[in-house]
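Each chain, letter by letter, is given below.
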Amino acid sequence: MKKNTKETSLRIGAGLLICFLLGTLSVSAQRQEMLLNDNWAFRFSHQVQQHTQRVDLPHTWNAQDALSGKIDYKRGIGNYEKMLYVRPEWKGKRLFLRFDGVNSVANLFINRKHVGEHRGGYAAFVFEITDQVTYGATNSVLVRANNAEQLDVMPLVGDFNFYGGIYRDVHLVITESACISPLDHGSPGVYLVQQAVSAQEAQVAVKVNLNNGAAGQEVELRVQVADGSKIITQQHRNLSLAQGSAIQTEVPVTIKKPHLWNGRQDPFMYQVTVSLFKEGKEIDCVKQPLGLRYFHTDPDKGFFLNGRHLPLHGVCRHQDRAELGNALRPEHHEEDVALMLEMGVNATRLAHYPQASYVYDLMDKHGIVTWAEIPFIGPGGYADKGFVDQPSFRANGKLQLIELIRQHYNHPSICFWGLFNELKELGDNPVEYVKELDALAKQEDPTRPTTSASNQGGDLNFITENIAWNRYDGWYGSTPQTLATFLDQTHAKHPQLRIGVSEYGAGASIYHQQDSLKQPAPAGWWHPENWQTYYHMENWKIIAQRPFVWGTFVWNMFDFGAAHRTEGDRPGINDKGLVTFDRKARKDAFYFYKANWNKQAPMLHLAEKRCLLRTQSEQTIMAFTTAPEVELFVNGVSQGKQQTDRFATVSWKGVRMQPGENLIRVVAPGKPSLSDQVTVTYVAP
């Protein structure tokens, strides 16, 4: 695999002296970090004759077979081995290996001796290897990654690919014997608890985990809050760390008239620097973002951020793409977020598992309200169950919830912890277990509400503080109007519920075009783009007129891999995305939402431009725009001006085509003037 020079310069160019910044690692005094992504020897476990190939991380072995629609894609054990020289001057320090993500069970061996196991494919984890390595020598680091089906590791099922491999970064972290602990479930070791926030004052408890691996030491802890180069407040505390101690200490911070993190409008963040000093010398440092905000959901009026109503116009996102599987690099996450921002997204549901820390950093930076969730997933319309009532499964789910919350606690964008998706109560009933998860989430983080994504009735809908439904009215049967009926009846019957729409969507291939509007078979090989457009137009009209819906999330922002699917224009792809799997084409529904959600970017998009062959003599011409009025020309002849409706749509019915080629052009005068056009061919049937 070709080494990514952009990533190398971004991650390593500043040098090895680093500290945690926004969940990633950057420059500091004594904590050191090395990115260990290059030059791993890979083989499957069944290749016992040691035939290896060089790979660089991130890596998955399923980028080809799963994405080709091979239902029984490789799910088993892959071995990754790297030779690591451990410098003699590191003796007396502490060495940690941090893995940002290995799917789904990882066993670590140093010099072929087992160090530990991590169960769960979507969270970071850390092992200390201080006493396992040989200093002044080359050491073997072996990771055995296993993505096989297992009944005690979430998720058990899912409508997406379970890619195997070390698909996120690996770091070697080097600290002094006393340090801000990296061992608390992969967290940064610092928690910024927003105890009370208002426009007048913010009270924050800075909780710090300290760990001492040597003899007793006297240390000084310093906490500083800054706005750029301006120090807002700073505190310090002297502490005694006993030998082998692991403690948590708390430092209160008060900020008067705080500058609030205000979503897309103003995603401002302070920076909190937590430093550890010994004898006047800084020996460790961790930096974290502090985005102060307060929010709530109202059963009748929806979501409020900092006291103001904010309708959440959201999308769901999976962490894979064409040719790469889930082995994504920073530029891939950046491109995805840029597309969301272009469309006007102000909320995301990062489904159905914790995603890369860098994604949450981007959500913070751009002010996108975020729903983060654990991979507790039901089968949807498929076989098997997402819950097995055995102690090991229950323990694993709780572990993954703790990891999710502790690793991402400080991200101001995260406003909801998601506990499950599409579970069923038949058979092993998960209701009591979900109650336990809900209580655990409250214990870990009393400042954020829980939510879930349901697709049926039952007691599961009355556990989390917020609830949302996965609805496909007009795709999996029925019509869009049934969404309105469902929302109104549910709100009337259960007025205390905070109701959201966690998924809604329809499949579409940019290669499937028709000039008549006909509902396709969702499991068939024909997924015309214009039906997806119609579906989203009608569903959004219903949603936009119901302010009690606290948030809505399109399924999905991007097409994604699902090897078991045999539909659309090729097997192995769920094509409900508003953007194609390779991110090269925005579907018409993308532009519908952009016109509705992103009023700051003047636009005019002529719909159905990919439908180049027309078989009906009279056509309905439609465009999406931020302009108040648009004029249509066909073959240079004006067909009149139309006012744009409240849903950013303008249309002309009964427009006659001439045999052969027809130039269709729409124009919106003003500053800037907008236009769009296409040449289509009319052929009488």
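Remember, predicted model here, so these are calculated numbers, not experimental data.

This part is about the sheet that holds strand β10 (residues 113–119). Strand order across the open sheet formed by 6 strands is β5-β4-β6-β12-β9-β10, with antiparallel pairing between neighbours. Edge positions in the sheet fall to β5 (53–55) and β10, since each of these pairs with one other strand and no more. The average angle at which neighbouring strand axes cross in this sheet is 25°, direction not considered. Pairing between strand β9 (residues 105–110) and strand β12 (residues 137–146): 6 bridges, direction antiparallel. By the bridge assignment for β12, Ile110 is matched with Val141.

Let us now look at the packing of helix α6 (residues 481–493) against helix α7 (residues 529–544). It is at 9 Å that the axes of α6 and α7 come closest, and there the two elements cross at 25°. Overall, the two elements α6 and α7 adopt an arrangement that is roughly parallel. In the packing of α6 onto α7, the handedness of the crossing is right-handed. Each of Gln481, Leu483, Ala484 and Leu487 in α6 lies in contact with α7, whose residues at this interface are Asn539, Ile542 and Ile543.

Right, let's get into the confidence of the model for the protein. In this model, the protein carries an average pLDDT of 94, and 96% of its residues clear a pLDDT of 70 or more. Across residues 1–29, where pLDDT falls below 50, the model places 75 contacts with residues more than four positions away in sequence or in other chains.

Within the secondary structure layout, Gly427 lies in the loop between β31 (414–421) and α5 (431–444). As for Gly427 and Phe393, which are separated by 34 residues in sequence, their C-alpha atoms are 16 Å apart.

To continue, consider the pattern of salt bridges. This structure, assessed with the given rule, holds 39 salt bridges. Where Asp676 meets Lys609, a salt bridge forms, and the shortest distance between an N and an O atom there is 2.8 Å. Note that Asp676 is positioned in strand β45 (residues 674–682) and Lys609 in the loop between β38 (604–606) and β39 (613–614), a separation of 67 residues in sequence. Salt bridges linked by common partners bring Arg317, Arg321, Glu335, Asp336 and Arg583 together as one network.

Turning our eyes to something else, we now look at the packing of aromatic side chains. Applying the stated criterion across every chain yields a total of 35 aromatic pairs. Ring plane angle 35° and centroid distance 5.0 Å describe the contact between Phe160 and Phe162, whose orientation is recorded as tilted. Between the aromatic rings of Trp469 and Phe486, the centroid separation amounts to 5.2 Å while the plane-to-plane angle is 75°, which identifies the pairing as edge-to-face. Taken as a pair, Trp469 in strand β33 (residues 467–470) and Phe486 in helix α6 lie far apart in primary sequence, 17 residues in all. Accessibility classification places Trp469 together with Phe486 in one group, the buried group.

Where strand β36 (residues 560–567) lies against strand β37 (residues 570–574), 4 bridges are found, and the strand directions are antiparallel. When the sheet's bridge partners are listed, Glu567 is paired in β37 with Arg570. What sits between β36 and β37 in their antiparallel hairpin is a turn of 2 residues, with Gly568 showing a positive phi close to 70°.

Looking now at the environment of Gly280. Position of Gly280 among the secondary structure elements: in the loop between β23 (270–278) and β24 (281–290). Distance in space between the C-alpha atoms of Gly280 and Arg321 is 49 Å, their sequence separation being 41 residues.

Our next topic: the nonpolar core. The biggest cluster of nonpolar side chains holds 112 residues, and the ones touching the most others in it are Met343, Phe376, Leu401, Leu487, Met557, Tyr593 and Phe624. Those residues in contact with Phe376, other than ones at most four positions away along the chain, are Met154, Gly386, Phe387, Phe393, Leu419, Phe420, Asn421, Leu423, Pro430, Tyr433, Val434 and Leu437. Formed by 30 residues, the second largest nonpolar core is a distinct cluster that contains Leu57, Val86, Ala145 and Ile174.

A few words now on the side chain of Gln400. Its place among the elements puts Gln400 in helix α4 (residues 391–408). Residue classification places Gln400 among the buried positions, given a relative accessible area of 5%. Here the side chain of Gln400 touches Met154 through a polar contact of 3.1 Å, landing on its backbone oxygen. Non-local contacts of Gln400, meaning those with residues more than four positions away in its chain, are made with Arg119, Gly120, Val153, Met154, Ile374 and Pro375.

Conventions we followed
- Residues numbered from 1 in each chain as written.
- Predicted model: local features only at pLDDT ≥ 70, side-chain atom pairs only at ≥ 80, totals over all residues.
- Heavy atoms only, no water.
- Pairing = 2+ DSSP bridges.
- Helix = DSSP H or I, 4+ residues; strand = E, 2+ residues; numbered from the N terminus.
- Axes fitted to C-alpha atoms, helices over the stretch in contact; angles between N-to-C directions.
- Parallel < 35°, antiparallel > 145°, perpendicular 65-115°, else oblique.
- Left-handed = near helix turned anticlockwise from the far one by under 90°.
- Contact = heavy atoms within 4.5 Å.
- pLDDT = per-residue confidence, 0-100.
- Salt bridge = Lys/Arg side-chain N within 4 Å of Asp/Glu carboxyl O.
- Phe/Tyr/Trp six-rings, centres within 6.5 Å; stacked < 30°, edge-to-face > 60°.
- Buried < 20%, exposed > 50% of the residue type's maximum accessible area, 1.4 Å probe, protein only.
- Core = buried A, V, L, I, M, F, W, Y, C linked by side-chain atoms within 4.5 Å.
- Polar contact = N/O pair within 3.5 Å; in protein donor to acceptor, adjacent residues only side chain to side chain.

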